[in-house]
Amino acid sequence: MKDTRLLTVWCPDWPVVAACTAAGTALHVPVAVVDGNEIVSTSAVARKEGIRRAMRRRAAEAMCPELVTFEHDPQRDARFFEPVAEAVEELAPGIEVVQPGLVAVPARGPVGYFGSVEQAAERIVDHVATRAGAEAQVGVADSLFAATRAAHRNVVVPPGRTAEFLRPLGVHELDAPDLVDLLRRLGLKTLGAFADVPENAVASRFGGPATRQHRLARGLPERPLDKRRPAPELAVTETFDDPVERIDSAAFAAKILSERLHENLAARSLACTRLGIHARTENGEELQRVWRAAEPLTPRGIADRVRWQLDGWLTRERLTSGIRTLTLEPVEVVDGTALQLGLWGHDDERAVRALLHVQGLLGPDGVLTGVLDGGRGPQEQVRLVPWGDERVPARNPDHPWPGRLTRAPATLADDPAELKDENGGEVGVTGRLELTAQPKKLTVKGKTREITAWAGPWPVDERWWAPDRHRAARIQVQTNDQAFLLIRRDQRWFLEGVYD
């Protein structure tokens with residue numbers, strides 16, 4: 001039977017290793033790589049001091065004052081990883097770079113050559129250590145996700161037992177923080193428990209991205225196999241008048257060519273998930289590398305990988321001349337509808353960098369994000385926390401708070417309002433929680449609307465035991481085009497929210 005498993009080679013803590021290599025810092029000191037204010041990678045020594053991923057920089061430095069930090073730099077990671085990729089490719093041709101620090105290759109090649117998975121893994125690890133001076137671990141499984149988790153544990157999963165291997169692992173292995181948080185709150189703490197949920201239930205309850213994660217938890221490939229071979233005319237090639245020898249020139253070339261490739265794919269409603277990068281130097285040297293991506297690549301994602309790869313090639317001492325010809329080839333494509341833009345109309349990575357930049361200018365409290373919280377009123381049900389802080393409710397949002405609004409308005413406000421009856425008199429609330437008249441007109445910010453329906457009032461009686469006892473009443477009113485939530489406090493009406 002044909003072996004369809006994947007063999008992955010993983011270098012632990014690669015961002016830390018690359019940063020230390022670039023700076024000449026020893027690995028026996030606590031080191032962390034940070035992206036903005038958040039730690040994204042740590043050394044083993046730092047982990048012994050209690051430093052963990054996703055920890056805030058200030059908290060980590062307070063816990064370990066001698067912590068050495070470096071800024072996250074994917075281009076640096078890729079540049080120093082190129083010798084590792086070359087070392088693996090010398091023993092296992094046809095590798096694909098998943099990310100700096102991780103490569104994958106069909107297992108049947110090295111296994112067939114060296115006689116067994118164990119012998120192939122041993123030879124690859126030794127060769128990487130000898131040629132690149134890097135520590136590596138090997139994993140083998142039926143899918144890329146499982147093979148990567150196997151490499152983290154330095155194990156080989158027998159054919160057909162990938163789902164069994166994944167079953168006891170925690171859901172935190174999935175690269176989907178929001179989904180992981182939701183699964184934990186639902187009591188689904190292992191990949192096996194998540195895999196047991198019917199696929200149609202996952203699709204209807206959580207949507208498409210969660211369905212992909214569900215496939216991973218079941219040991220299946222991230223996408224169903226697509227046997228279409230990309231048309232040759234999708235590839236784009238650029239021949240440079242002057243050979244590219246500098247990194248800045250390479251970055252410019254990567255951007256231009258990546259945009260051309262994306263336009264070719266978009267015109268056919270396609271997106272790229274495996275990108276082939278081919279280069280020919282002035283002296284005829286041939287270079288090629290394939291980058292694999294779990295999600296369809298955005299134009300920026302294509303440009304980043306091309307720039308990283310060119311940086312790795314151009315900094316090698318063995319190149320005798322600059323790059324004369326560069327070709328980008330989509331090795332694998334999927335339906336272009338799989339590529340969705342983020343909230344701002346750009347890829348999420350760019351938006352995050354912009355928010356971190358603003359936060360650096362204005363301080364941690366300069367950028368806030370909403371968290372659904374517990375409470376009764378609409379203002380209480382949303383709490384603002386600094387961007388990058390843990391988005392954990394201070395109170396249980398699912399708790400059955402007495403008097404809580406079952407449907408909060410979409411837009412919150414706190415504007416003075418006037419509520420009048422048909423004769424123009426003010427509508428109030430009695431001590432028995434009854435309106436003094438039927439409301440007919442609502443005026444907010446100088447604009448008056450005719451009321452067609454209303455409901456309430458509902459009491460708001462909080463902190464009854466304290467001197468600052470809060471008493472108020474809420475009503476909902478409907479006009480011809482919108483619905484509003486009003487609150488009466490201190491003998492005055494205020495607009496508290498607007499419903500969609």
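As the structure is a prediction and not an experimental result, all values here were calculated from the model.

Caption draft 1: Looking closely at the sheet that holds strand β4 (residues 68–71). Strand order in the open sheet formed by 3 strands is β3-β2-β4, with mixed pairing between adjacent strands. Whereas interior strands pair on both sides, the edge strands pair on one side only; in this sheet they are β3 (38–42) and β4. Taking each pair of neighbouring strands and ignoring which way they run, the sheet shows an average axis angle of 35°. Here helix α1 (residues 14–23) sits on the sheet and contacts β2 (31–35), β3 and β4; the angle it forms with β2, its principal contact strand, is near 105°.

Caption draft 2: Region of the structure containing the pairing of strand β10 (residues 286–292). Burial of β10 is extensive: 5 of the 7 residues sit out of reach of the surface. Strand direction decides the pairing type here: strand β9 (residues 270–281) and β10, joined by 7 bridges, are antiparallel. Its bridge partner being in β10, L275 is matched across the sheet by W291. What sits between β9 and β10 in their antiparallel hairpin is a turn of 4 residues, with G284 showing a positive phi close to 85°.

Caption draft 3: Spatial organisation of the side chain of T42. Assignment of secondary structure puts T42 in strand β3. For T42, a relative accessible area of 3% gives the class buried. Residue contacts for T42: discarding those within four places in its chain leaves D13, V16, V31, A32, R47, I51 and R52.

Caption draft 4: The arrangement of empty space enclosed by the protein in detail. Here the structure, examined in full by the defined rule, presents 1 cavity of 30 Å³ or more. The computed volume of the largest cavity comes to approximately 60 Å³. If you trace the largest cavity, you find it lined by A78, F81, E82, A85, V97, P100, W291, W308, Q309 and G312. Of all the secondary structure elements, the ones that give two or more residues to the lining of the largest cavity are α4 (74–91) and α14 (299–314).

Caption draft 5: The arrangement of the confidence of the model for the protein chain in detail. Confidence along the protein chain averages 83 in pLDDT terms, with 82% of residues attaining 70 or more. Per-element confidence in the protein chain ranges from a low mean pLDDT of 60 for helix α15 (residues 348–362) to a high of 95 for strand β7 (residues 137–141). Note on residues 338–347: pLDDT under 50 across the span, and 13 contacts to partners over four residues away in sequence or across chains.

Caption draft 6: How the structure looks around the packing of aromatic side chains. Going through the model one piece at a time under the given rule, you end up with 3 aromatic pairs. Ring geometry for W14 versus F81: centroids 5.4 Å apart, planes at 70°, classification edge-to-face. Note that W14 is positioned in helix α1 and F81 in helix α4, a separation of 67 residues in sequence. Each member of the pair, W14 as well as F81, carries the same accessibility label: buried.

Caption draft 7: Looking closely at helix α6 (residues 117–132). Here α6 contains 16 residues, and its C-alpha end-to-end distance of 22 Å stays within 8% of the 22 Å for a straight helix at 1.5 Å per residue. Three or more residues of α6 are buried, namely V117, A120, A121, I124, H127 and V128. Down the axis of α6, the sector holding all buried residues measures 135°, keeping them to one side. Every exposed residue of α6 that faces more than 90 degrees away from the buried side is listed here: E118, E122 and T130. Looking at the buried residues of α6, the elements they touch are β1 (6–10), α4, α5 (108–114) and β7. Phi turns positive one or two residues past the end of α6, at G133, with a value near 65°.

Caption draft 8: Just the packing of helix α13 (residues 247–267) against α14, in detail. Between α13 and α14, whose axes approach to 8 Å, the crossing angle comes to 145°. When the axes of α13 and α14 are compared, the crossing they make is right-handed. Contacts between α13 and α14 involve I247, A250, A251, A254, K255, S258, L261 and H262 from the former and P299, I302, A303, V306, R307, L310, D311 and L314 from the latter. Considered class by class, the residues forming the contact of α13 with α14 number 11 nonpolar, 2 polar and 3 charged.

Definitions and limits used
- Residues numbered from 1 in each chain as written.
- Predicted model: local features only at pLDDT ≥ 70, side-chain atom pairs only at ≥ 80, totals over all residues.
- Heavy atoms only, no water.
- Pairing = 2+ DSSP bridges.
- Helix = DSSP H or I, 4+ residues; strand = E, 2+ residues; numbered from the N terminus.
- Axes fitted to C-alpha atoms, helices over the stretch in contact; angles between N-to-C directions.
- Contact = heavy atoms within 4.5 Å.
- Buried < 20%, exposed > 50% of the residue type's maximum accessible area, 1.4 Å probe, protein only.
- 1 Å grid on protein atoms, 1.4 Å probe; cavity = no way out; pocket = protein on both sides within 12 Å on 5 of 7 lines; lining within 4 Å.
- Points joined across faces, edges and corners; volume = space filled by probe spheres on them.
- pLDDT = per-residue confidence, 0-100.
- Phe/Tyr/Trp six-rings, centres within 6.5 Å; stacked < 30°, edge-to-face > 60°.
- Expected span 1.5 Å × (residues − 1).
- Arc of directions from axis to C-beta.
- Left-handed = near helix turned anticlockwise from the far one by under 90°.
- Nonpolar A, V, L, I, M, F, W, Y, C, P; charged D, E, K, R; others polar.

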